[in-house]
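# Coordinates in review
Residue strings, one per chain:
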Amino acid sequence: SSPDAILITRVSDGQIVEVNEGFSHIAGYSREEALGNSTITLEFWANPKDRESVGSALREQSKIRGVEYNFRSKSGGILNCLMSAEIILLDNVPHVLSVIHDVSERKQAEETIRQSEANFREVFDNTAHGIFIIDVTEDGNFRIGNSNKAEEIATTIRREDVMGKLLKDAFPPEIADMLH
């Protein structure tokens, strides 16, 4: 019932012996397509060297937790995932129990936010108009969060000197009153 991909593979040959519905949903392979194959034959690892790295880590430590890897779905799409795995024994035969959490949407959202922030920063820093970003404190005062270069030029006050200060502490009363 887990939305994460869970699979069990034999250590000796990498054959997949069990998968859950989460694996089918994330990877796009039906249970029947996965069983009897290996992650190699399914070309599940986007970077085959990552598989070798996991194998080495499991031989040394018997488990890994929350390590980021890219996998390839049946359709060829790249999935950014967090993987946890450990060696387990089934009928005295070593297997790897892997849990793979798809974070592709989260990573895409983070990238969108990073790009949006970069766009904002570009406009903020390069506009010809002076801009202050003012935060309202819990007690109703106004605190300078940031200012741009044009504001520094217009006021001749360095942003480092006013950032984090209350308006009433950074400027004379008549200017502070005008800014809020």
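These remarks concern the structure in this document. Note that the coordinates shown come from a computational prediction; the quantities given were computed from them, not determined experimentally. (Residues numbered from 1 in each chain as written. Predicted model: local features only at pLDDT ≥ 70, side-chain atom pairs only at ≥ 80, totals over all residues. Heavy atoms only, no water.)

### Side note on the overall build of the chain
Helices and strands together make up the secondary structure of the chain, namely eight helices and seven strands. Against the 2.2 N^0.38 benchmark of 16 Å for 180 residues, the chain shows a C-alpha radius of gyration of 27 Å, more extended than a compact globule. By its C-alpha atoms, the chain is 80 × 30 × 30 Å across when sized along the principal axes. Looking at the chain as a whole, 31% of its 180 residues are labelled buried. Counting contacts in the chain only where the partners sit at least 6 residues apart, residues at least 24 apart contribute 31% of the total. In the form shown here, the chain has an accessible surface area of approximately 11200 Å², with 52% of it arising from carbon and sulfur atoms. Within the chain, one finds 19 positive and 30 negative side-chain charges whose respective centroids are separated by 5 Å. (Helix = DSSP H or I, 4+ residues; strand = E, 2+ residues; numbered from the N terminus. Rg over C-alpha atoms; globule rule 2.2 N^0.38 Å. Buried < 20%, exposed > 50% of the residue type's maximum accessible area, 1.4 Å probe, protein only. Contact = heavy atoms within 4.5 Å. Areas by Shrake-Rupley, 256 points an atom, 1.4 Å probe, with all protein chains shown as cover. Lys, Arg positive; Asp, Glu negative; His and termini not counted. Charge placed at Lys NZ, Arg CZ, Asp CG, Glu CD.)

### With respect to the sheet that holds strand β2 (residues 16-19)
In spatial order, the strands read β2-β1-β5-β4-β3; together these five strands make up an open sheet with antiparallel pairing. Of all strands in the sheet, those with a lone pairing partner are β2 and β3 (63-72), marking the two edges. Strand-to-strand twist in this sheet, taken as the mean axis angle between neighbours without regard to direction, amounts to 30 degrees. One ladder, built from 10 bridges, connects strand β4 (residues 78-90) with strand β5 (residues 93-102); its direction is antiparallel. The residue of β5 that forms the bridge with L82 is H101. Helix α4 (residues 104-126) contacts β3, β4 and β5 of the sheet and is inclined by roughly 145 degrees relative to β4. (Pairing = 2+ DSSP bridges. Axes fitted to C-alpha atoms, helices over the stretch in contact; angles between N-to-C directions.)

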